[in-house]
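What follows is the residue order along each chain.
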Amino acid sequence: MAQSSSNSQLQPLPSDLLVDLRSDTVTRPTDAMKAAMHAAEVGDDVFAEDPSIRALEARCAELMGHEAALFCPSGTMTNQIAIQVHTKPGDEVVCDRLAHIYNYEGGGIARNAGASVRLLHGDRGRFSLNECLDNINPPDSHYARTTLVAVEDTCNKGGGSVWNLAELEALSKEVRARGLAFHLDGARAWNAFVARGQWGDAGALKAYGHLFDSISLCLSKGLGCPVGSVLVGPQSFIQEAHRVRKVMGGGMRQAGSLAAAGLHALEHHVTRLADDHAHAKQLGTTLAAHANVASVDPVETNIVIFSLHGNHADTAVRALAEVGVGCFAFGPDKVRLVTHLDMTSGDIHEACSRIAKARLIGPQA
Ligand SMILES: *Cc1c(COP(=O)(O)O)cnc(C)c1O
């Protein structure tokens with residue numbers, strides 16, 4: 001994406017595109033989800049009177065072992081609200097250089113919170129405790145005040161990489177012992193829960209939730225909802241977040257049908273993420289065997305990133321679109337594919353055979 005001049009990833013794809021692996025955001029609501037949305041009871045959510053939104057917020061808070069939650073239009077907004085509540089202008093936020101909050105939120109940390117960012121160089125988005133602690137400024141007036149550390153689990157730009165639980169526990173303990181807040185960008189936390197075997201284990205999920213002072217969860221990625229993210233945290237934090245949401249223009253009225261989609265997805269679309277992970281592994285194996293592919297990042301969840309010999313990502317994306325497989329360039333020599341709810345095992349099988357036959361570099365036939 002860095003090399004593209006404008007929103008090249010948003011260009012329309014050939015209408016005969018067979019397997020759309022550009023992102024897990026391209027999913028459409030299932031008939032069962034639409035029925036749940038249609039049946040939703042609604043009210044004015046700015047007055048906290050929408051019963052479906054309240055139910056979704058309560059469910060997410062309870063899942064993560066926190067007191068409260070706030071439904072928002074996007075994951076960018078939940079992250080940006082959290083950053084604004086945790087920091088004051090002039091403070092510094094510590095995160096990995098691959099973080100969504102830094103790369104893909106329009107410079108919002110500076111623009112919305114007036115905070116600076118210290119970037120760490122982790123392993124596919126996962127930084128070490130030592131590197132983190134080395135980058136927390138001492139309490140000397142020369143320095144920006146470090147007030148927030150943020151992690152992303154799974155890490156999108158890290159290729160869907162999953163954090164190690166013990167490392168998160170150590171980070172949480174040391175970061176909070178220094179009086180800093182610890183935020184989770186959990187846009188794809190569901191994939192991490194399934195990959196680590198935490199989903200279905202209420203105690204494990206709560207213990208995980210307790211590691212953080214705030215958690216952003218997206219419903220519109222792997223869970224297949226049309227819209228929505230949920231910010232989770234203590235009551236006092238959510239009260240403040242409610243105010244910031246209003247300031248950002250994110251207060252919605254009778255949006256309960258969107259929350260009903262979320263409740264439906266939590267019930268029916270999390271366990272099945274294991275299928276997406278298996279599909280991603282199949283794609284990874286196919287790509288690793290391809291003569292034009294230099295390497296494939298380890299496939300841990302539903303994202304596959306592969307590298308080419310040389311800066312041919314745009315060519316490869318075009319070549320794959322020609323054989324009916326949609327994906328994104330993710331750097332000059334890297335391509336990303338994402339598996340999701342709308343892709344069956346048959347679709348993935350077909351995609352693999354087409355990818356195997358495609359010529360990914362040089363002039364196309
Ligand atoms: C998609 C995503 C978000 C939020 O994106 P929105 O499109 O604003 O909902 C945040 N963090 C990560 C890691 C993401 O992949």
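Residues numbered from 1 in each chain as written. Predicted model: local features only at pLDDT ≥ 70, side-chain atom pairs only at ≥ 80, totals over all residues. Heavy atoms only, no water.

1. Examining the overall build of the protein
Counting its secondary structure elements, the protein contains 14 helices and 13 strands. The globule rule puts the C-alpha radius of gyration for 365 residues at 21 Å, and the 20 Å found for the protein is close to it. Counting only C-alpha atoms and orienting by the principal axes, one finds that the protein spans roughly 60 × 55 × 40 Å. Within the span of the protein, comprising 365 residues, buried residues form 54% of the whole. Intrachain contacts of the protein at a sequence separation of at least 6 include 75% that bridge at least 24 residues. Accessible surface computed for the protein: about 15200 Å², of which carbon and sulfur atoms make up 51%. (Helix = DSSP H or I, 4+ residues; strand = E, 2+ residues; numbered from the N terminus. Rg over C-alpha atoms; globule rule 2.2 N^0.38 Å. Buried < 20%, exposed > 50% of the residue type's maximum accessible area, 1.4 Å probe, protein only. Contact = heavy atoms within 4.5 Å. Areas by Shrake-Rupley, 256 points an atom, 1.4 Å probe, with all protein chains shown as cover.)

2. Regarding the domain arrangement of the protein
Domain annotation for the protein reports domain 1 (3–24 + 272–357) and domain 2 (31–268). The C-alpha centroid of domain 2 is placed 27 Å from the C-alpha centroid of domain 1. The interface of domain 1 with domain 2 comprises 15 residues on the first partner and 22 residues on the second. Carbon and sulfur atoms supply 51% of the area buried between domain 1 and domain 2, which totals about 1500 Å² over both sides. At the junction of domain 1 and domain 2, the tally comes to 3 salt bridges. Aspartate 24 is the partner of arginine 188 in a salt bridge, and the nearest nitrogen-oxygen pair spans 2.8 Å. Where domain 1 meets domain 2, there are 8 residue pairs in polar contact (both at pLDDT 80 or more). Those elements giving two or more residues to the side of domain 1 that touches domain 2 turn out to be helix H12 (273–288) and strand E10 (303–308). No other element matches the 3 residues that H12 contributes to the side of domain 1 that touches domain 2. (Domains from an automatic or database assignment. Buried area = accessible area lost by both parts, 1.4 Å probe. Salt bridge = Lys/Arg side-chain N within 4 Å of Asp/Glu carboxyl O. Polar contact = N/O pair within 3.5 Å; in protein donor to acceptor, adjacent residues only side chain to side chain.)

3. A word on helix H7 (residues 165–177)
Given a rise of 1.5 Å per residue, 13 residues ought to cover 18 Å, and the 18 Å separating the end C-alpha atoms of H7 matches this to within 8%. Buried within H7 are the following residues: Leu168, Leu171, Ser172 and Val175. One side of H7 carries all its buried residues, which in axial view fall inside an arc of 100°. The exposed set on the far side of H7, more than 90 degrees from its buried face, consists of Lys173 and Ala177. Buried positions along H7 lie against helix H6 (129–134), strand E5 (146–152), strand E6 (181–186) and helix H9 (202–209). By the N-cap criterion, in which a side-chain oxygen at the helix start approaches the backbone nitrogen of a residue two or three places on, H7 is capped by asparagine 164, the distance to alanine 166 being 2.9 Å. (Expected span 1.5 Å × (residues − 1). Arc of directions from axis to C-beta.)

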